[in-house]
Amino acid sequence: MKLHAAEVIENQRHGDHVHLRCQWPGVPPQPGQFVMVREEADSLDPFLSRPFFAHDYEEGVIDLLIVVGGRGTAILSNAPMLRISDPIGHGFSSSANGPVALIGGGVWVSPLRLLARSLESQDIAHDIYLEVPPDSSNDYRGFLLERFPQAILVDTGNESNAAHDLVLEVGDLSRYDTLYVSGEPETLVAAKTATAGIVSAQLAVRERMACANGSCFGCAVPVRKSGGTEFVRACVEGPVFEAAELAW
């Protein structure tokens with residue numbers, strides 16, 4: 001896997017979330033694709049590259065949104081130079097006529113910014129619903145509104161029902177052509193259940209990835225095939241799947 005040296009030209013912190021903007025000499029990402037990232041220095045700490053959705057791209061600059069959850073992401077969030085792979089995987093299909101809805105929460109809002117940019121360029125009407133966890137700072141709320149100016153922010157006070165509350169906020173799903181969803185597993189399941197038989201939905205799954213080329217099968221997800229269930233690789237066949245296709 002080829003990794004490009006990418007200078008970090010902007011580093012903004014919003015609580016546990018870090019927004020990085022990097023000079024990008026590689027192929028422009030498509031909405032829903034991801035890249036593998038590691039520190040540019042000749043170091044094996046962390047040993048494995050980390051997968052991140054492409055948050056945004058414009059004029060040779062790629063944006064990443066990272067939540068610092070451990071040593072590896074802490075190192076990447078502070079690095080002045082990164083090594084980033086070309087975009088990987090099958091992303092969102094934005095061929096809908098509209099209107100459509102985008103749903104996300106936490107760091108999983110990441111791929112929706114590039115998708116929103118694509119929809120805007122195609123003049124496709126879209127609404128955006130973003131979960132705001134109860135412990136979110138005003139700074140993070142401001143960041144979300146900066147990146148998604150027209151978004152409806154949904155405060156999920158009861159964490160046990162957060163996924164259900166987020167999807168419920170969308171209201172009548174039948175008024176949309178497609179739902180694009182990126183969130184925690186509970187959010188994806190809630191969206192799959194709510195949209196069944198009503199409206200098509202595309203779900204961006206987030207799995208642990210080691211190789212990102214399909215050889216390790218560490219990111220396998222179950223899908224319905226020929227009346228049965230098979231496992232496919234999120235890094236190759238995904239990370240975006242039709243909701244009806246996933247065998248959850």
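Everything here concerns the structure above.
Nothing here was measured: the structure is a model prediction, and the numbers come from that model.

Draft legend 1. Summary view of the environment of G98. In this fold, G98 is placed in the loop between strand 7 (81-85) and strand 8 (100-105). Contacts of G98, omitting those with residues within four sequence positions, involve I124, A125 and D177.

Draft legend 2. Region of interest: the pairing of strand 9 (residues 126-132). Counting buried positions along strand 9 gives six out of seven residues, so the element sits mostly inside the fold. The pairing of strand 8 with strand 9 spans six bridges and is classified as parallel. Counterpart to G105 in the pairing with strand 9 is E131. One crossover worth recording links strand 8 to the parallel strand 9 by way of helix 2 (residues 110-121), and it is right-handed. Two elements, strand 9 and strand 10 (residues 152-155), share four bridges in a ladder whose sense is parallel. Counted as the bridge partner of E131 is V154 from strand 10.

Draft legend 3. Focus on empty space enclosed by the protein. All chains considered together, the criterion is met by one cavity of 30 Å³ or more. The calculated volume of the largest cavity comes to roughly 60 Å³. As for the largest cavity, its lining consists of F34, P51, F52, F53, V205, R206, E207, M209 and P239. At three residues, the largest contribution of residues to the lining of the largest cavity is made by strand 4 (residues 50-53). In terms of residue class, the lining of the largest cavity is made up of seven nonpolar, no polar and two charged.

Draft legend 4. The arrangement of unusual backbone geometry in detail. A cis geometry characterises the amide bond from G238 onward to P239, with omega recorded as 10°. One can find P239 in the loop between strand 14 (228-233) and strand 15 (240-242). Positive phi is not limited to glycine here, since D123 has a value of about 60°. Assignment of secondary structure puts D123 in the loop between helix 2 and strand 9. Given the relative accessible area of 74%, D123 is considered exposed. With a phi angle near 60°, F217 is a residue other than glycine that sits in the positive phi range. Along the chain, the position of F217 falls in the loop between strand 12 (200-204) and strand 13 (220-225).

Draft legend 5. Inspection of the sheet that holds strand 15 at higher detail. In space, the six strands of this open sheet follow the order 10-9-8-11-12-15, with mixed pairing throughout. Two strands close off the open sheet at either side, each with one partner strand: strand 10 and strand 15. Ignoring which end each strand starts from, the neighbouring axes of this sheet average 20° apart. Of the strand pairs in this sheet, strand 12 and strand 15 are connected by three bridges, and their pairing is antiparallel. Looking at strand 15, one finds that Q202 is bridged to E242. Running over the sheet, helix 3 (residues 138-147) touches strand 9 and strand 10 and is turned about 150° from strand 10.

Draft legend 6. How the structure looks around the nonpolar core. Ranked by internal contacts, the top residues of the largest apolar core, which has 58 residues, are F34, L102, L130, L144, L179 and L203. Non-local contacts of L144, meaning those with residues more than four positions away in its chain, are made with V109, L130, V132 and L153. Judged by nonpolar contacts, the second largest core, of 19 residues, contains V18, V35, V37 and I84.

Draft legend 7. Broad picture of helix 2. Across the twelve residues that make up helix 2, a large majority, nine, are buried. Within the sequence span of helix 2, burial applies to S110, P111, L112, R113, L114, L115, A116, S118 and L119.

Draft legend 8. Fine view of the pattern of salt bridges. According to the stated counting rule, one finds ten salt bridges in the structure shown. Note that R113 and D56 form a salt bridge whose closest N and O atoms lie 3.6 Å from each other. With R113 in helix 2 and D56 in strand 5 (residues 56-58), this pair connects stretches of sequence that are 57 residues apart. Of the residues examined, R113 reaches a relative accessible area of 12% and is grouped as buried. When its relative accessible area of 4% is taken as the criterion, D56 is described as buried. Salt bridges sharing partners connect three or more residues here, namely E10, R21, D56, E58, D63, R113, R117 and R147.

Criteria and cut-off values
- Residues numbered from 1 in each chain as written.
- Predicted model: local features only at pLDDT ≥ 70, side-chain atom pairs only at ≥ 80, totals over all residues.
- Heavy atoms only, no water.
- Helix = DSSP H or I, 4+ residues; strand = E, 2+ residues; numbered from the N terminus.
- Contact = heavy atoms within 4.5 Å.
- Buried < 20%, exposed > 50% of the residue type's maximum accessible area, 1.4 Å probe, protein only.
- Pairing = 2+ DSSP bridges.
- Right-handed = clockwise from strand over helix to strand, strands pointing away.
- 1 Å grid on protein atoms, 1.4 Å probe; cavity = no way out; pocket = protein on both sides within 12 Å on 5 of 7 lines; lining within 4 Å.
- Points joined across faces, edges and corners; volume = space filled by probe spheres on them.
- Nonpolar A, V, L, I, M, F, W, Y, C, P; charged D, E, K, R; others polar.
- Axes fitted to C-alpha atoms, helices over the stretch in contact; angles between N-to-C directions.
- Core = buried A, V, L, I, M, F, W, Y, C linked by side-chain atoms within 4.5 Å.
- Salt bridge = Lys/Arg side-chain N within 4 Å of Asp/Glu carboxyl O.

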